[in-house]
Amino acid sequence: MSGEEEENAAELKIGEEFLKAKCLMNCEVALILEHKYEQIQQMSDDPTNHVSQVFEKSLQYVKRFSRYKNPDAVRQVREILSRYQLAEFELCVLGNLCPETVEEAIAMVPSIKTKGRAHDDDAIERMLNDLSLIKKFE
């Protein structure tokens, strides 16, 4: 058996590369792909020129599963979640899945309650309330 520690997302043991990586929520990917799609359409002289099927399917997927559609709301979600010193992985899971209760949030991202972190139930509740306000007024 090697000396490497086993990965466990529940304890935020996800590998050094992944901890340092910039993760994007589905709504952020949707904005990027929509912008790219518009660029492709504007630059194309041929109106029958289409983007690849993979690009189209990817855009459809992220649009379907994006909880936030408005670019301002997307920016606000990242800003709010960033205030809670979450890992990128945690931020994106919470932003994509939008749990409604503290119990759901902990079930989806158990690492937010791990020892030594400042996320008590009240802090998680405030975070979820902030997110629900954005969704309500979007």
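Looking at an unreviewed UniProt entry, the protein chain carries the name DNA-directed RNA polymerase II subunit 4, with the source organism given as Hibiscus syriacus. In its Subcellular location (unreviewed entry) section, the UniProt entry covering the protein chain states "Nucleus". Under Sequence similarities (unreviewed entry), UniProt gives the following word-for-word description of the protein chain: "Belongs to the eukaryotic RPB4 RNA polymerase subunit family."

J.: Quick question: what am I supposed to make of the packing of helix 4 (residues 71-82) against helix 5 (residues 88-97) here?
T.: For any two helices packed against each other, the geometry is given by the interaxial angle and the distance between the axes. The N-to-C vectors of helix 4 and helix 5 enclose an angle of 130°; their axes lie 10 Å apart at closest approach. The angle between helix 4 and helix 5 places the two elements in the oblique class. The two elements helix 4 and helix 5 meet at a crossing, and its hand is right-handed. Facing Val77, Arg78, Leu81 and Ser82 of helix 4, the residues of helix 5 in contact are Glu88, Leu91, Cys92 and Gly95. A class-by-class count of the residues in the contact of helix 4 with helix 5 yields four nonpolar, two polar and two charged.

J.: Sorry if this is basic, but what is going on with a negative patch on the surface here?
T.: On the surface, Glu100, Glu103, Glu104, Asp120, Asp122 and Glu125 cluster together to form a negatively charged patch. Secondary structure elements with two or more residues in the negative patch: helix 6 (102-108) and helix 7 (121-136). With respect to the secondary-structure elements, Asp120 resides in the loop between helix 6 and helix 7.

J.: Help me understand the nonpolar core, please; the structure alone is not making it clear to me.
T.: For soluble globular proteins, the rule of thumb is that nonpolar side chains tend to be buried together. The biggest cluster of nonpolar side chains holds 25 residues, and the ones touching the most others in it are Tyr68, Val77, Leu81, Leu86, Ile124 and Met127. Every element with two or more residues in this core is listed here: helix 4, helix 5, helix 6 and helix 7. For Ile124, the residues in contact, after removing those within four places along its chain, are Val102, Ala105, Ile106, Ile112, Lys113 and His119. Counting residues in hydrophobic clusters, the runner-up holds six residues, among them Ala30, Val51, Phe55 and Leu59.

J.: Could you clarify how one ought to interpret unusual backbone geometry in this entry?
T.: One can expect most non-glycine residues to show negative phi and most peptide bonds to be in trans. In the Ramachandran plot, Gln85 falls in the positive-phi region, its phi being about 50° despite a non-glycine side chain. Within the secondary structure, Gln85 sits in the loop between helix 4 and helix 5. A residue is classified by how much of its surface remains accessible, and Gln85, at 65% relative accessible area, is exposed. A positive phi is found at Cys98, a non-glycine position, where the angle reads about 50°. Tracing the backbone shows Cys98 in the loop between helix 5 and helix 6. Taking the relative accessible area as the measure of exposure, Cys98 reaches 17% and is therefore buried.

Rules used in this analysis
- Residues numbered from 1 in each chain as written.
- Predicted model: local features only at pLDDT ≥ 70, side-chain atom pairs only at ≥ 80, totals over all residues.
- Heavy atoms only, no water.
- UniProt positions renumbered as here; feature names shortened; annotations may be inferred.
- Axes fitted to C-alpha atoms, helices over the stretch in contact; angles between N-to-C directions.
- Helix = DSSP H or I, 4+ residues; strand = E, 2+ residues; numbered from the N terminus.
- Parallel < 35°, antiparallel > 145°, perpendicular 65-115°, else oblique.
- Left-handed = near helix turned anticlockwise from the far one by under 90°.
- Contact = heavy atoms within 4.5 Å.
- Nonpolar A, V, L, I, M, F, W, Y, C, P; charged D, E, K, R; others polar.
- Patch = residues over 30% accessible without salt bridge, like charges linked within 9 Å, V, L, I, M, F, W, Y side chains within 5 Å.
- Areas by Shrake-Rupley, 256 points an atom, 1.4 Å probe, with all protein chains shown as cover.
- Salt bridge = Lys/Arg side-chain N within 4 Å of Asp/Glu carboxyl O.
- Lys, Arg positive; Asp, Glu negative; His and termini not counted.
- Charge placed at Lys NZ, Arg CZ, Asp CG, Glu CD.
- Core = buried A, V, L, I, M, F, W, Y, C linked by side-chain atoms within 4.5 Å.
- Buried < 20%, exposed > 50% of the residue type's maximum accessible area, 1.4 Å probe, protein only.

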